[in-house]
Amino acid sequence: MKISLSPDEVAFRDELRKFYRTEIPADIRERFKYGNELSRDEIVRTHKILNEHGLAVPNWPVEWGGKDWTPMQRHLWQDEMQLASVPEPLTFNAQMVGPVIAHFGSDELKQRFLPATAALDIWWCQGFSEPDAGSDLASLRTTAVRDGDSYIVNGQKIWTTLAQYADWIFCLVRTDPNAPKKQAGISFLLFDVKSPGVTIRPIKLIDGGYEVNEVFFENVRVPADQLVGQENMGWTYAKFLLGNERTGITGVGRTKVKIGIAKEYAAQTKSGTGTLLEDPLFAARVAELENELLALELTQLRVVSNSSDGKPNPASSVLKLRGSELQQATTELLLDIAGQDALPVGADEIASPGWAQRSGPGYLNYRKTTIYGGSSEVQRTIIASTILGL
Ligand SMILES: Cc1cc2nc3c(=O)[nH]c(=O)nc-3n(C[C@H](O)[C@H](O)[C@H](O)COP(=O)(O)OP(=O)(O)OC[C@H]3O[C@@H](n4cnc5c(N)ncnc54)[C@H](O)[C@@H]3O)c2cc1C
């Protein structure tokens, strides 16, 4: 196993490091670094800069804007982006629907959607989960019934992230209710969220923020040529998509940045006769977190250096499981540093730093990381069956 960088890889990394820090606006990176919510425009602006330089969709086939990079180059592309606090290319476009259309879509669908998806001229959202179909996704009940050249879609999706910004939705729908296995009757359909019969309703999260929605479909007419691949093969495409989604969630670079911020704040926080950062118990907690993160990073590098066939690796479940836990541990660290200042007060007369006021909502918001993209329990089940053979 060789996980040190070659001179070429070092040069590649340094070039990206410079690019991210000079080409992506510093104000966007700064706001993103300190946990501020970005606007739709800021996300689109960053994505477009990356795309114009060939850095939004390197994981796609070369003919559609991808790069013929090694797994290590792809890893460096993402890690350096996170370390520079660059908001990553919109995951629904770059990691999810784009690769599915590129691998399984017709030439017509590729030409119609891939350039606009890479450029974020279309903002996609993910319509998979339903009120009774999350971990058990194959139980989904939204139906699509063929009617001439169209499908008529009825049902409901839930937890649809940023649907309020979206132009189009990629949706898992049931096209054969009588299939012998429930996985066999599912299809992968694309449609405009402005279609008549689509209603989007916000869900307010525990941190007070608005990032997820319920999406209802009432007799939505969808042209049949917006089906990806073959009818009733959607489960295969969904599994392919989820493998990509999980690998992207690990977030080692992002967690490193957060630990750096926590140390910065701890150095400004008084404790006894010194600072919190000098407190031996606190220092030990930070060291343990850093060690755990290093172990995860080495595991990620090992997975990367062993996966050259481009297929999602079952180890993506290990990375998702541990990566999401460490992201949560870091938000907990920030919350503890903030102490009594950890909640927003919204009053000028109370002296409480902005970062501290954001730490409480940030901690609450990150409870999501062990749920979305498949919960921790689901990842453990996948690890048990596909890696450990239990
Ligand atoms: C912030 C956020 C954003 C999301 N964004 C999207 C999105 O954009 N699009 C989308 O389609 N979905 C999205 N999701 C949905 C997400 O994929 C589901 O929440 C997730 O798959 C869990 O499903 P569920 O919520 O129905 O919980 P359930 O499946 O009901 O699970 C409830 C609990 O039971 C446990 N459990 C369930 N089954 C088992 C089992 N077999 N063995 C052991 N334990 C089990 C789970 O681990 C969990 O702890 C999002 C979720 C969140 C929180």
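Refer to the structure printed above.
Residues numbered from 1 in each chain as written. Predicted model: local features only at pLDDT ≥ 70, side-chain atom pairs only at ≥ 80, totals over all residues. Heavy atoms only, no water.

(A) View of the pattern of salt bridges. Tallied over the entire structure, the rule returns 18 salt bridges. For the salt bridge of R141 with D132, the shortest nitrogen-to-oxygen distance reads 3.2 Å. The exposed category is assigned to R141, whose relative accessible area is 60%. A salt bridge links R285 to D336; the shortest N-O distance between them is 2.9 Å. Residue R285 is located in helix 9 (residues 280-306), and its partner D336 is located in helix 10 (residues 316-338); the two are separated by 51 residues in the primary sequence. Each member of the salt-bridge network shares a partner with another, and the members are E292, R322, E325 and R380. (Salt bridge = Lys/Arg side-chain N within 4 Å of Asp/Glu carboxyl O. Buried < 20%, exposed > 50% of the residue type's maximum accessible area, 1.4 Å probe, protein only. Helix = DSSP H or I, 4+ residues; strand = E, 2+ residues; numbered from the N terminus.)

(B) Expanded view of the site of the ligand. Taken together, 14 residues surround the ligand, and among them S135, W159, T161, S375 and E377 come closest. A distance of 2.7 Å separates a nitrogen atom of the ligand from a polar atom in the backbone of W159. In the model, an oxygen atom of the ligand is placed 2.6 Å from a nitrogen or oxygen of the E377 side chain. Summarising the interface, the protein chains cover 64% of the accessible area of the ligand, which totals 960 Å² for the free molecule. (Near = heavy atom within 4 Å. Polar contact = N/O pair within 3.5 Å; in protein donor to acceptor, adjacent residues only side chain to side chain. Areas by Shrake-Rupley, 256 points an atom, 1.4 Å probe, with all protein chains shown as cover.)

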